[in-house]
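# Structural overview for review
Below, each chain spelled out in residue letters.
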Amino acid sequence: MFPLGHVGIALGVGFLIMRYLKSSWDPKLFIVILGVASLTPDLIDKPMGPLFGLPFGGRLFAHTLVFAFIVMAVCLVLWLRWSKKGTAVSIWPLLFSLGVWVHLLLDLSLEGNAVLLWPAYGVAFPSGEFSWGHLTASPVAIAGEVVGAIILVYLLVLLLLGRFALAEREDRPENG
Ligand SMILES: [Zn+2]
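The following paragraphs examine the structure supplied in this document. Fair warning: this is a prediction, and the values are worked out from it, not measured in the lab.

Attention shifts here to the coordination of the zinc ion. Bound to the zinc ion on the protein side are Asp42 (OD), His63 (NE2), His103 (NE2) and Asp107 (OD), at distances that span 2.0 to 2.2 Å. Considering all four donor atoms around the zinc ion, the spread of angles at the metal, 86 to 177 degrees, places the coordination shape in the irregular class. In primary-sequence terms, the residues that donate to the zinc ion follow D-x20-H-x39-H-x3-D. Of the two residues, His63 is situated in the loop between helix H2 (27-45) and helix H3 (65-84) and His103 in helix H4 (residues 91-106); the sequence distance between them amounts to 40 residues. We classify His63 as buried; its relative accessible area is 3%.

See the structure below:
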């Protein structure tokens, strides 16, 4: 999956969860944290290839389940610590972990997921390569970018209309 798909779909999933929980989170922080998290595996791995003698753009440690579980563990600890203090920021680590998981999910490939299951198939990473050409060659990748772009435009419109986050939560007493 490519950047628009990653960011757009992660923000869309986070937005649905926010609506489902009837919660309201700071839109700017929400977008920045989930947006960065949704690209974190690529931001770490893409430039790392050359350091290991691999081409730029492969999938390495940050595209493994091990990495996602470590991030999740750290995020859960932060969430536990911050929720005890009763701070509104306790949701942010959970959203960050969500963004990383959505990234790995969108990177699943029918051709095999040896990197994801690392080190099950050996400690060395296969030498993947990034190319924008993969985008035009793959209908799934094109669909991902289109869906991501549509979600981003939709959320941007909500943001501009001031309807991204819910208004004051209405804690109306139940009737009767
Ligand atoms: Zn990736």
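If you look at the biggest cluster of nonpolar residues, it comprises 14 residues, and the most contacted ones within it are Phe15, Trp25, Phe30, Trp92, Leu95 and Phe164. Listing elements by their share of this core, those giving two or more residues are helix H1 (3-20), H2, H4 and helix H6 (139-160). Among the elements that make up this core, the one with the highest residue count is H1 (four residues). Leave out the neighbours within four places in its chain, and Phe30 touches Leu11, Gly14, Phe15, Trp25, Gly35, Trp92, Leu95 and Phe164. Counting eight residues, the second largest nonpolar core, distinct from the first, contains Ala62, Phe67, Ala68 and Val71.

Our focus in this paragraph is the packing of aromatic side chains. On inspection of all chains with the given rule, the structure shows six aromatic pairs. Seen in terms of ring centroids, Phe30 and Phe164 are 5.4 Å apart; in terms of plane orientation they differ by 65 degrees. Their pairing is edge-to-face. Of this pair, Phe30 sits in helix H2 while Phe164 is found in the segment after H6, placing the two residues 134 residues apart along the sequence. The exposure classification of Phe30 matches that of Phe164, with both residues buried.

In this section: the pattern of salt bridges. Enumeration over the complete set of coordinates arrives at two salt bridges. Between Asp42 and Lys46 there is a salt bridge, with the nearest N and O atoms lying 3.8 Å from each other. We classify Asp42 as buried; its relative accessible area is 13%. Asp107 is paired through a salt bridge with Arg59; the nearest N and O atoms lie 3.5 Å apart. Placement of the pair is Asp107 in the loop between H4 and helix H5 (133-137) and Arg59 in the loop between H2 and H3, with a sequence separation of 48 residues. When its relative accessible area of 30% is taken as the criterion, Arg59 is described as partly exposed.

Along the chain, Ile70 falls in helix H3. You can call Ile70 partly exposed: its relative accessible area is 45%. Along the chain, Ile70 and Ser97 lie 27 residues apart, while their C-alpha atoms are 9.5 Å from each other.

What follows is about H4. Over its 16 residues, H4 runs 23 Å from end to end, which matches the ideal 22 Å to within 8%, given 1.5 Å per residue. Of all the positions in H4, only Ile91, Trp92, Pro93, Leu95, Ser97, Gly99, Val100, Val102, His103, Leu104 and Leu106 are classed as buried. Here the buried face of H4 lies against H1, H2 and H3.

This brings us to the packing of H2 against H4. Two numbers describe how H2 lies on H4: the axes approach to 7 Å, and their chain directions differ by 40 degrees. Considering the angle they form, H2 stands oblique to H4. Crossing handedness for the pair H2 and H4: right-handed. Contacts between H2 and H4 involve Leu29, Phe30, Ile33, Leu34, Ala37, Ser38, Leu39, Thr40, Pro41 and Asp42 from the first element and Trp92, Leu95, Phe96, Leu98, Gly99, Val100, His103 and Leu104 from the second. Here the contact of H2 with H4 is composed, by residue class, of 13 nonpolar, four polar and one charged.

Calculation rules
Residues numbered from 1 in each chain as written. Predicted model: local features only at pLDDT ≥ 70, side-chain atom pairs only at ≥ 80, totals over all residues. Heavy atoms only, no water. Donors = N, O, S within 2.8 Å, 3.2 Å for Na, K, Ca; no water. Tetrahedral: all angles 85-135°; square planar, octahedral: opposite > 155°, others 65-115°. Helix = DSSP H or I, 4+ residues; strand = E, 2+ residues; numbered from the N terminus. Buried < 20%, exposed > 50% of the residue type's maximum accessible area, 1.4 Å probe, protein only. Core = buried A, V, L, I, M, F, W, Y, C linked by side-chain atoms within 4.5 Å. Contact = heavy atoms within 4.5 Å. Phe/Tyr/Trp six-rings, centres within 6.5 Å; stacked < 30°, edge-to-face > 60°. Salt bridge = Lys/Arg side-chain N within 4 Å of Asp/Glu carboxyl O. Expected span 1.5 Å × (residues − 1). Axes fitted to C-alpha atoms, helices over the stretch in contact; angles between N-to-C directions. Parallel < 35°, antiparallel > 145°, perpendicular 65-115°, else oblique. Left-handed = near helix turned anticlockwise from the far one by under 90°. Nonpolar A, V, L, I, M, F, W, Y, C, P; charged D, E, K, R; others polar.

By themselves, these figures tell us nothing about what the structure is for.
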